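Observations on chain architecture
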Amino acid sequence: MTVRSRRIRRRTLVAGLVAVAILVGVSAVAVDAFEVREKLTNLERKIELLVDPPPDRAIAAAVRVTPEPDDVGDVEEATPEPTVASSLDTGETPPPDPTATPRPQKVKVDVNLLKKPDKWFITQLDKESCAVAGTQMVIALHGKGSLNESFQKQIESRIDDWESRRDSLNGGWGPAAMVNALEAYGVRGYEVRAYDTRGLALRDAAKAISKYHAPVILLAWRGAHTWIMTGYRADADPLVFKGAKVSGAYILDPWYPRVSSIWGASDPPGGYQNAAEMRRNYLPWKRPEGHYADRDGLFIAVVPTQRLDR
């Protein structure tokens, strides 16, 4: 049976079970319409997981990134080697003493991979496909795919190839599935990373962007949403100064132009999220469906380890 036919059969069965639940629920109690809709959505998902639970595939654990020492003394001036006394022939002069290499200046930086972010943006086709649209944008930025609805639907239809209960207890898309999808379309070298602090996560993401000229995927909204980070502002070059502080990030948000009842309006492609917005949106992983040993309470990102290929 093909993936598509299996998914259609599963959804048909789930829809039938939900219809029965609706009839039972309506006959039992009259409640607010919004509450009914929310409860039915949750019920449908629970039934779907019972009918066809996600496979328990092995996935790579999130790479835990530890803090580096402060940038004080990160880039030391080279210490001149002492002149070694030696015998000189008549008329020879001693070599000049070596001079110290000057320390790089600590200046603010403003980095963005994209001059025209609109060109590299596509919105998610439905409220649950932010990971699909985010993955699609990264694939396109690497020159491995297009930014149209049919390609997004194609990526979404292949989730059965990549999903794992260890990646998402609810099934479907988690950060490991994004890595697998990227690799399937020829974008290699991304890995899931976990950080104790937001500052460390943003600095590591900034370093990767500058070093590899490739975007980073941030798991925003406590792991419920996908942001594509294409640039940043910092008080120093993070490749030179280990303690550079990143004050904000340039983001492609697949939720745009929607408005979330919890998180508010999304910003247009390439919008700059300052420190306050990062504190509001980029939060430690915490999912209601259960425990994730290598993610809970940590900031999660999917980070490149190879240069952008296009």
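Preceding this section is the structure that the text describes.
The notes below deal with the structure included here. (Residues numbered from 1 in each chain as written. Predicted model: local features only at pLDDT ≥ 70, side-chain atom pairs only at ≥ 80, totals over all residues. Heavy atoms only, no water.)

1. So, the environment of Arg258
Spelled out, the test is: Runs of H or I in DSSP of at least four residues are treated as helices and runs of E of at least two as strands, each being numbered from the N terminus. Only protein chains enter the accessibility calculation, which uses a 1.4 Å probe; a residue whose area is less than 20% of its type maximum is buried, one above 50% is exposed, and one in between is partly exposed. Pairs of residues are marked as contacts when any of their non-hydrogen atoms sit within 4.5 Å. What qualifies as a polar contact is a pair of N or O atoms within 3.5 Å, subject to a donor-acceptor requirement within protein and to the restriction that residues adjacent in sequence count only when both atoms come from side chains.
Looking at where Arg258 falls in the secondary structure, it is placed in the loop between β6 (246-252) and β7 (259-260). The partly exposed category is assigned to Arg258, whose relative accessible area is 23%. Taking the C-alpha atoms as reference points, Arg258 and Thr123, separated by 135 residues in sequence, lie 9.2 Å from one another. Discounting chain neighbours no more than four positions away, the residues touching Arg258 are Thr123, Gln124, Leu125, Asp126, Gly264, Ala265 and Ser266. A polar contact is formed between the side chain of Arg258 and the backbone oxygen of Gln124, at a distance of 2.5 Å.

2. Quick word on the pairing of strand β10 (residues 299-304)
Within a regular strand, side chains alternate between the sheet's two faces. As a reminder, the rule being used: For two strands to be treated as a pair, DSSP must find no fewer than two bridges joining them.
The buried fraction of β10 amounts to six of the six residues, a majority that puts the element mostly inside the structure. Bridge count between strand β3 (residues 190-195) and β10: six bridges; the pairing is antiparallel. Note that in β10 the partner of Tyr195 across the bridge is Phe299. In terms of strand pairing, strand β4 (residues 216-220) meets β10 through two bridges, oriented antiparallel. Each residue of the ladder has a partner; that of Ile217, found in β10, is Val302.

3. With respect to the environment of Ala131
Along the polypeptide, Ala131 turns up in helix α3 (residues 130-141). Among the residues examined, Ala131 registers a relative accessible area of 7% and is labelled buried. For the pair Ala131 and Ala224, spaced 93 residues apart in sequence, the C-alpha to C-alpha distance is 9.2 Å. Not counting chain neighbours up to four residues away, the residues in contact with Ala131 comprise Trp173, Met178 and Thr226.

4. Considerations on the packing of α3 against helix α4 (residues 149-157)
Test applied: Throughout, an axis means a line fitted to C-alpha atoms (over the contacting stretch in the case of helices), and angles, computed between N-to-C directions, take values from 0 to 180 degrees. Throughout, a crossing is termed right-handed when the near helix is turned clockwise from the far one, and left-handed when it is turned anticlockwise from it by less than a right angle. Under the grouping applied here, Gly and all other residues not named as nonpolar or charged are polar, the nonpolar ones being Ala, Val, Leu, Ile, Met, Phe, Trp, Tyr, Cys and Pro and the charged ones Asp, Glu, Lys and Arg.
Here α3 crosses α4 at 115 degrees, and the two axes come no closer than 9 Å. As for how α3 packs across α4, the hand of that crossing is right-handed. Contact residues: Val132, Ala133, Gln136 and Ile139 in α3; Phe151, Gln152, Ile155 and Glu156 in α4. Of the residues assigned to the contact of α3 with α4, the class counts are five nonpolar, two polar and one charged.

5. Remarks on the pattern of salt bridges
Here is the rule we go by: We count a salt bridge whenever a side-chain nitrogen from Lys or Arg sits within 4 Å of a carboxyl oxygen from Asp or Glu.
A full pass over the atoms with the stated rule returns nine salt bridges. Linking Glu277 and Arg280 is a salt bridge whose minimum nitrogen-to-oxygen distance equals 3.0 Å. Of this pair, Glu277 and Arg280 both sit in helix α7 (residues 275-281), three residues apart, roughly one helical turn. Among the charged side chains, a network of salt bridges with common partners joins Glu191, Arg193 and Asp204.

6. Focus: unusual backbone geometry
Between Tyr256 and the following residue, Pro257, the backbone shows a cis peptide bond with an omega angle of 10 degrees. Relative to the helices and strands, Pro257 is located in the loop between β6 and β7. Positive phi values are uncommon outside glycine, yet Trp221 reaches one of about 55 degrees. Relative to the elements of secondary structure, Trp221 occurs in the loop between β4 and β5 (225-234). The phi torsion at Arg222 lies on the positive side, around 60 degrees, for a residue other than glycine.

7. What about the nonpolar core?
Rules: Within this scheme, the nonpolar core is defined by two criteria: the residues are buried Ala, Val, Leu, Ile, Met, Phe, Trp, Tyr or Cys, and they are joined through side-chain atoms within 4.5 Å.
By size, the foremost hydrophobic cluster in this structure holds 67 residues, and its most contacted members are Trp173, Val216, Leu218 and Met229. Once you skip the residues sitting within four places of it in the chain, Met229 turns out to touch Leu202, Ala205, Ala206, Ile209, Pro215, Val216, Leu218, Ala249, Tyr250 and Ile251.

8. Considerations on the packing of aromatic side chains
Convention followed: Each Phe, Tyr or Trp ring (for Trp, its six-membered ring) is paired with any other whose centre lies within 6.5 Å, and the angle between the two planes then decides the class: stacked below 30 degrees, edge-to-face above 60, tilted in between.
For the structure shown, the criterion picks out eight aromatic pairs. Ring centres 5.5 Å apart and planes at 65 degrees place the aromatic pair Tyr282 and Phe299 in the edge-to-face group. Here Tyr282, found in the loop between α7 and β10, pairs with Phe299, found in strand β10; they are 17 residues apart in sequence, far enough to count as distant. For the pair Tyr282 and Phe299, a shared accessibility class is recorded, and that class is buried. Between the aromatic rings of Trp285 and Tyr292, the centroid separation amounts to 5.3 Å while the plane-to-plane angle is 75 degrees, which identifies the pairing as edge-to-face. Exposure class is identical for Trp285 and Tyr292. Each is buried.

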